[in-house]
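Chain residues, written in single-letter form:
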Amino acid sequence: MIGYAFMGKAHSNAWRNVASYFDVPAVEQKALVGRDADAVAEAAARYGWKETATDWRAVLDRDDIHIVDICAPGWMHAEIAIAALEAGKHVLLEKPLANTLAEAEAITAAAQAARAQGVQSMVGFNYRRVPALALAKELVSEGRLGNVRQVRAAYLQDWLADESAPMTWRLRKETAGSGALGDIASHAIDQVLFLLGDKVTEVSGRLQTFVNQRPGAQGPEDVTVDDAAWATLALASGAIASVEASRVATGRKNSLQIEIYGDKGALRFDLENLNELAFSDATLPAREQGFRRIVVTEPEHPYLDAWWPQGHIIGWEHTFTHQIRDFLLAVDGGTAPSPSFEDGLEVQRILAAVEESAAARSALIQPSTTEGA
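Residues numbered from 1 in each chain as written. Predicted model: local features only at pLDDT ≥ 70, side-chain atom pairs only at ≥ 80, totals over all residues. Heavy atoms only, no water.

Some words on the sheet that holds strand β6 (residues 148-156)
Under the convention used in this document: DSSP bridges decide pairing: two strands pair if at least two such bridges lie between them. Runs of H or I in DSSP of at least four residues are treated as helices and runs of E of at least two as strands, each being numbered from the N terminus. For helices, the fitted line uses only the C-alpha atoms of the stretch in contact; every axis is such a line through C-alpha atoms, and the angle between N-to-C directions lies from 0 to 180 degrees. Contact criterion: two residues are considered in contact whenever any of their non-hydrogen atoms come within 4.5 Å of each other.
The strand order β7-β10-β11-β6-β12-β13-β14-β15 describes an open sheet built from eight strands, whose pairing is mixed. Looking at which strands have only one partner, the edges of the open sheet turn out to be β7 (200-208) and β15 (292-295). Within this sheet the neighbouring strands show an average axis-to-axis angle of 15°, counted without direction. Two strands pair when backbone bridges link them, and strand β12 (residues 255-262) and strand β13 (residues 265-270) are joined in this way by five bridges, in the antiparallel orientation. Counted as the bridge partner of Q257 is D270 from β13. Lying over the sheet, helix α8 (residues 180-196) contacts β6, β7, β10 (228-235), β11 (240-246) and β12, oriented at roughly 155° with respect to β11. Helix-sheet contacts for helix α10 (residues 341-360) involve β7 and β10, and the interaxial angle to β7 is about 55°.

The structure is reproduced here in structure tokens:
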């Protein structure tokens, strides 16, 4: 695994625990890679990795390494992922696929070439593995919502709401690619594609940076990415999706809200209450209609037969365990994991289109010159 901070911690927990709950091929956590030798050694001891390295290229040359899990920042994705695929390693790559569309296209081309040699790859949109959202996918696919007309997806956080919050690599375009757009709107967009099984045909977007400078190590630094993003997506089916993402939404900690409205029913979900799904069945008599609460903890629900007795909730970290489970089963079975790098590229195309639309801006409303207006 390359990278050991936020995502490295989450992925390590999954690698360490997956075989305790799911019937998967045995794996060894061989090597953890990071630039700071002391810090990576400390992380490896804590997270269950057998050894450490500071040179990811040397690790790719090893015959005893079969899978590479890339948790490094986005600006490193293309170089590492392409090298790993060319070295014949199966690759799990954190989202978004890359910082730019060109990099995402290069990564996907490398994945397609490697797949012809039996090398598998998957992008880490872990929210596909929330049991409630996997159940939502099943309900949509079964036609329980009928013809889907509208989708609302909003991913809202507030960790940058305070203007004194310090500068980080996530606020520099050269390292992060974009702000809330790539970081969390990518999740919301992937959910629209995943839940509906649809394609986006048209995009309009808006980006906004509310705090233009942040405290840096050497004084104030310019923020060069967005704090918030909005997009309207037209889908091939005729449905329309609105997507909103913000890292300055005061009071929202990690709220991915999804609403899907069809002519026969509707669904509602919020990540801050991830064990529940609200479902409205419009085929019932009018006096019986309305959203009902489904507590998604039954063994019949996706992934949950491996966990606790019904009614006992799971958490955010379990989505990564489910992700590793699905990835290992796909690799072992020689089948292409999902979401594929092609899926990640589709999200990247939409992100690029949002940026392009935002750069073009909308027509300004001129002040009225009418007397007394």
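Quick look at the layout of surface pockets
Note the following rule: Method remark: on a 1 Å grid restricted to protein atoms, a set of points is classed as a cavity if a 1.4 Å probe fits but cannot get out and as a pocket if it is open with protein on both sides within 12 Å along at least five of seven lines; lining residues have an atom within 4 Å of a point. Grid points are joined across faces, edges and corners, and a volume is the space filled by probe spheres set on the points. Gly counts as polar in this scheme, as do all residues outside two lists: the nonpolar Ala, Val, Leu, Ile, Met, Phe, Trp, Tyr, Cys and Pro, and the charged Asp, Glu, Lys and Arg. Reported domain spans reflect what an automatic or database domain assignment gives.
Counted as a void, the largest pocket has a volume near 860 Å³. For the largest pocket, the lining is made up of 42 residues, of which M7, C71, P73, W169 and R170 are closest to its centre. Sorting the residues of the lining of the largest pocket by element identifies α1 (6-21), α7 (173-176) and α8 as the ones contributing at least two each. Its residues placed into classes, the lining of the largest pocket shows 20 nonpolar, 15 polar and seven charged. There are two domains that each give the lining of the largest pocket at least three residues, and those are domain 1 (6-126) and domain 2 (130-338 + 347-356). Estimates place the volume of the second largest pocket at around 420 Å³. Looking at the second largest pocket, it is lined by 23 residues, and the ones nearest its centre are V27, E28, K30, H66 and I67. Among the residues forming the lining of the second largest pocket, the class breakdown is 15 nonpolar, three polar and five charged. Two domains each provide a minimum of three residues to the lining of the second largest pocket, namely domain 1 (6-126) and domain 2 (130-338 + 347-356).

Section: the nonpolar core
So the rule is basically this: In this description, a nonpolar core means a group of buried Ala, Val, Leu, Ile, Met, Phe, Trp, Tyr and Cys residues linked to one another through side-chain atoms lying within 4.5 Å. Type-normalised accessible area, obtained with a 1.4 Å probe on protein chains alone, sets the label of each residue: buried when under 20%, exposed when over 50%, and partly exposed for intermediate values.
Core analysis: the largest hydrophobic core is formed by 105 residues, its most contacted members being I107, I260, L277 and F341. A total of 11 residues in this core trace back to one element, the largest contributor, which is α8. Of all hydrophobic cores here, the second largest spans seven residues; its members include L160, L171, V225 and V248.

Some thoughts on helix α2 (residues 37-47)
Test applied: Regarding the arc, it is the one traced by the directions from the helix axis to the C-beta atoms. Side-chain atoms alone can form a polar contact between residues adjacent in sequence; in general such a contact is a pair of N or O atoms within 3.5 Å, and within protein one must be able to donate a hydrogen while the other accepts it.
Within the sequence span of α2, burial applies to V40, A43, A44 and Y47. All buried residues of α2 project into a common sector of 100° when viewed along the axis, lining one side. Set apart from the buried face of α2 by more than 90 degrees, the exposed residues are D38, E42 and A45. Packing partners of the buried residues in α2 comprise α1, β1 (31-33) and β2 (51-53). Where α2 starts, the residue carrying a side-chain oxygen 3.1 Å from the main-chain nitrogen of D38 turns out to be D36.

Section: the domain arrangement of the chain
Stated formally: Accessible area, probed at 1.4 Å, shrinks when two parts are joined; the buried area is that loss added up over both.
Looking at the assigned domains, one finds that the chain contains domain 1 (6-126) and domain 2 (130-338 + 347-356). Taking the mean C-alpha position of each, domain 1 and domain 2 sit 23 Å from one another. Residue-level contacts link 36 residues of domain 1 with 41 residues of domain 2. Approximately 3300 Å² of surface area, both sides summed, lies buried where domain 1 meets domain 2, with 72% of it carried by carbon and sulfur atoms.

Regarding the side chain of H322
In this fold, H322 is placed in helix α9 (residues 318-333). In contact with H322, other than residues within four places in its own chain, are F22, R129, P131, Y303, W307 and I314.

Observations regarding the pattern of salt bridges
The condition is simple: Only one rule defines a salt bridge in this text: a Lys or Arg side-chain nitrogen within 4 Å of an Asp or Glu carboxyl oxygen.
Summed over the entire model, instances satisfying the criterion amount to 20 salt bridges. As a salt-bridge pair, K173 and E355 come within 3.4 Å of each other at their nearest N and O atoms. With K173 in helix α7 and E355 in helix α10, the pair connects residues that are 182 residues apart, well separated along the chain. K173 sits in the partly exposed class, given a relative accessible area of 41%. Residue E355 is classed as partly exposed on the basis of its relative accessible area of 28%. One salt bridge in this structure joins D183 and R247, with 2.9 Å as the shortest N-O distance. Separated by 64 residues along the polypeptide, D183 in helix α8 and R247 in the loop between β11 and β12 bring together distant segments of the chain.

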